[in-house]
Amino acid sequence: MDVATTDTAKDAVRKDFNPSGRPEVAEIKAITASLISIMEGIRDRDGGKAGREAAVAITNIQTASMWCVLAATKGL
């Protein structure tokens, strides 16, 4: 499934920030931005009925992404 990644999702994960240059970091951020984009669509559909749940999910996705990047760059 191809997901159109939103600019807001890319900004949320600072997609272009990768001082280590590690390909794993780029992949983690791309996957994270895609998942956030899906959650933004869910948040915004049906008059925002799932707004709170989607917002919490986005926050936790960002947190998981930060830990993934930390693991990928540990010891550099």
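Use the structure listed above.
Residues numbered from 1 in each chain as written. Predicted model: local features only at pLDDT ≥ 70, side-chain atom pairs only at ≥ 80, totals over all residues. Heavy atoms only, no water.

Student: How should helix H2 (residues 23–44) be read in this particular structure?
Tutor: Spacing of three or four residues puts side chains on the same side of an α-helix, whose turn is 3.6 residues. Along its 22 residues, H2 runs 32 Å from first to last C-alpha, staying within 8% of the 32 Å computed at 1.5 Å per residue. Burial in H2 covers these residues: Val25, Ile28, Lys29, Thr32, Ala33, Ile36, Ser37, Met39 and Glu40. Buried residues along H2 sit in contact with helix H1 (7–12) and helix H3 (51–73). Where H2 terminates, the next one or two residues include Asp46, which has phi positive at roughly 50°. (Helix = DSSP H or I, 4+ residues; strand = E, 2+ residues; numbered from the N terminus. Expected span 1.5 Å × (residues − 1). Buried < 20%, exposed > 50% of the residue type's maximum accessible area, 1.4 Å probe, protein only. Contact = heavy atoms within 4.5 Å.)

Student: Would you mind showing me how to read the packing of H2 against H3 here?
Tutor: When two helices pack together, you describe them by how their axes are tilted relative to each other and by the distance separating the axes. It is the contact of H2 with H3, at a shortest axis distance of 9 Å, that shows an interaxial angle of 180°. In terms of orientation, H2 and H3 fall into the roughly antiparallel class. For the pair H2 and H3, contact is made by Glu24, Val25, Ile28, Lys29, Thr32, Leu35, Ile36, Met39, Glu40 and Arg43 and by Gly51, Ala54, Ala57, Ile58, Ile61, Gln62, Ser65, Cys68, Val69, Ala72 and Thr73, respectively. Class assignment of the residues belonging to the contact of H2 with H3 gives a composition of 12 nonpolar, five polar and four charged. (Axes fitted to C-alpha atoms, helices over the stretch in contact; angles between N-to-C directions. Parallel < 35°, antiparallel > 145°, perpendicular 65-115°, else oblique. Nonpolar A, V, L, I, M, F, W, Y, C, P; charged D, E, K, R; others polar.)

Remember that the coordinates give geometry; whether it matters functionally is a separate question.
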